[in-house]
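An overview of the molecular structure
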Amino acid sequence: MTVSSAPGKVYLFGEHAVVYGEPAVPCAIEVRARVGVERRDDSKLRVHADDLSLDGFTVEYGGDAGGRPDIDVSESLLVAATQYVDSAIEQVRDVTGEDDVGFDVTIESDIPLGAGLGSSAAVVVAAIDAGTRALGTTLEPAELAERAYRTEYDVQDGQASRADTFCSATGGAVRVEGDDCRSLDAPDLPIVIGFDGGAGETGELVAGVRTLRDEYEFAADTVETIGDVVRNGEKALAAGDIEELGRLMNFNHGLLSALGVSSRSLDTMVWAARDAGAYGAKLTGAGGGGCIVTLDPTDETETALSFTPGCEDAFRAELAEEGVRRIE
Ligand SMILES: Nc1ncnc2c1ncn2[C@@H]1O[C@H](COP(=O)(O)OP(=O)(O)OP(=O)(O)O)[C@@H](O)[C@H]1O
Ligand SMILES: C[C@@](O)(CCO)CC(=O)[O-]
Ligand SMILES: [Mg+2]
């Protein structure tokens, strides 16, 4: 078995706007998805994923039999659950030229699904890395990131940025603007995360922002303004000015809220963090439900969040210096 892991991420700044060419600054965190891959004798794909909401299911499909796996759940749930892995395996076949290769894939992940911590990118990066290595090809981080991006792009119907996948592949804090992806020097940030136990679907949320942006000039302006916040945020990050970082994160949350991607529970957690004295608080990732990211070197925010109705979990997150990790 070949095993790779890859980290999740939080966005300090710039989610959604990054899809339209504005810059974004995500930051990898030490919560990981591990993917084990083993080549099969046939061309089938067998995926075992304990963390999916399908209650620890295993599906086997593809090969000569083709078609839908034999499992008793709705088509839409099944597609949502399997599409990132399927598409990552297609990239493995494409890179290696082994079009008919089959795999047994096992996924274990500490990253909540659809909660803004980049579970899809981490699973895809780790799957492509392990899959290609299982066939004797080791990808450079830049190519791995690019292949993982293509996977997210395909699954999200052409509406994806390189931010999540580049961040997960390379680790650390990064800056992504269009196809320009680079690593940033970042101070040690006191990141605290609040999780409402829910999820949002990235594809749908991105489509919602696109519709608003097409319909209203002020929504398009809002997206551009997020870009301005990010550029200021980069300066604050380089200067290690945590107060300014927090202020800009608050501003970024307001703009995301205006674009309709926040939720009552995300807003409640954001305000609980601010009331507790966090430097700043915003939703992270696609939104709709899931996680907020806050900065607080004291225990106050974590404690306040853990007593906030609607917050299921509050925890401190370390920056992940290392992106993809080759385990075996
Ligand atoms: N542990 C896992 N096992 C199998 N598939 C997973 C796993 N974690 C995530 N996925 C895939 O990723 C999808 C969730 O991706 P989505 O982009 O909606 O959320 P996210 O990446 O967690 O959040 P965001 O993109 O906002 O940061 C799941 O529906 C599933 O297809
Ligand atoms: C909402 C979005 O900006 C981030 C999701 O984590 C989508 C993307 O960049 O592909
Ligand atoms: Mg995602």
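All values derive from a computational prediction rather than experimental measurement.

With respect to topology, four strands assemble into an open sheet ordered 9-10-8-11, the strand pairing being antiparallel. Here the strands that pair on one side only, and so sit at the sheet edges, are strand 9 (280–283) and strand 11 (313–317). Geometrically, the sheet is characterised by an average inter-axis angle of 20° between neighbouring strands, direction not taken into account. Bridge count between strand 8 (residues 191–195) and strand 10 (residues 291–295): five bridges; the pairing is antiparallel. Each residue of the ladder has a partner; that of Phe195, found in strand 10, is Cys291. Where helix 7 (residues 242–258) meets the sheet, it contacts strand 9 and strand 10, and its direction lies at approximately 35° from that of strand 9.

Per the UniProt record, the feature "active site" (unreviewed entry) sits at Asp164. With respect to the helices, strands and loops of the structure, Asp164 is situated in helix 4 (residues 163–170). Note on Asp164: relative accessible area 13%, which makes it buried. Filtering out sequence-adjacent residues up to four positions away, Asp164 remains in contact with Lys9, Tyr11, Gly118, Ala121 and Glu152.

Residues in close proximity to ligand 2 total 13 residues, the closest being Lys9, His16, Ala160, Ser161 and Asp164. For ligand 2, an oxygen atom lies 2.5 Å from a polar atom in the side chain of Ser161. Within the contact set of ligand 2, an oxygen atom lies 2.7 Å away from a side-chain nitrogen or oxygen of Asp164. Taken by itself ligand 2 offers 300 Å² of open surface, and the protein chains cover 97% of this. Residue classes in the shell around ligand 2 are distributed as six nonpolar, four polar and three charged. Both domains that meet at the shell around ligand 2, namely domain 1 (2–184) and domain 2 (191–317), each give it at least three residues.

Here we come to the pairing of strand 7 (residues 180–184). For strand 6 (residues 173–177) and strand 7, the ladder comprises five bridges, and the chain directions are antiparallel. Each bridged residue has a counterpart across the sheet, and for Arg175 the counterpart in strand 7 is Arg182.

Calculation notes
- Residues numbered from 1 in each chain as written.
- Chains lettered and ligands numbered in written order.
- Predicted model: local features only at pLDDT ≥ 70, side-chain atom pairs only at ≥ 80, totals over all residues.
- Heavy atoms only, no water.
- Pairing = 2+ DSSP bridges.
- Helix = DSSP H or I, 4+ residues; strand = E, 2+ residues; numbered from the N terminus.
- Axes fitted to C-alpha atoms, helices over the stretch in contact; angles between N-to-C directions.
- Contact = heavy atoms within 4.5 Å.
- UniProt positions renumbered as here; feature names shortened; annotations may be inferred.
- Buried < 20%, exposed > 50% of the residue type's maximum accessible area, 1.4 Å probe, protein only.
- Near = heavy atom within 4 Å.
- Polar contact = N/O pair within 3.5 Å; in protein donor to acceptor, adjacent residues only side chain to side chain.
- Areas by Shrake-Rupley, 256 points an atom, 1.4 Å probe, with all protein chains shown as cover.
- Nonpolar A, V, L, I, M, F, W, Y, C, P; charged D, E, K, R; others polar.
- Domains from an automatic or database assignment.

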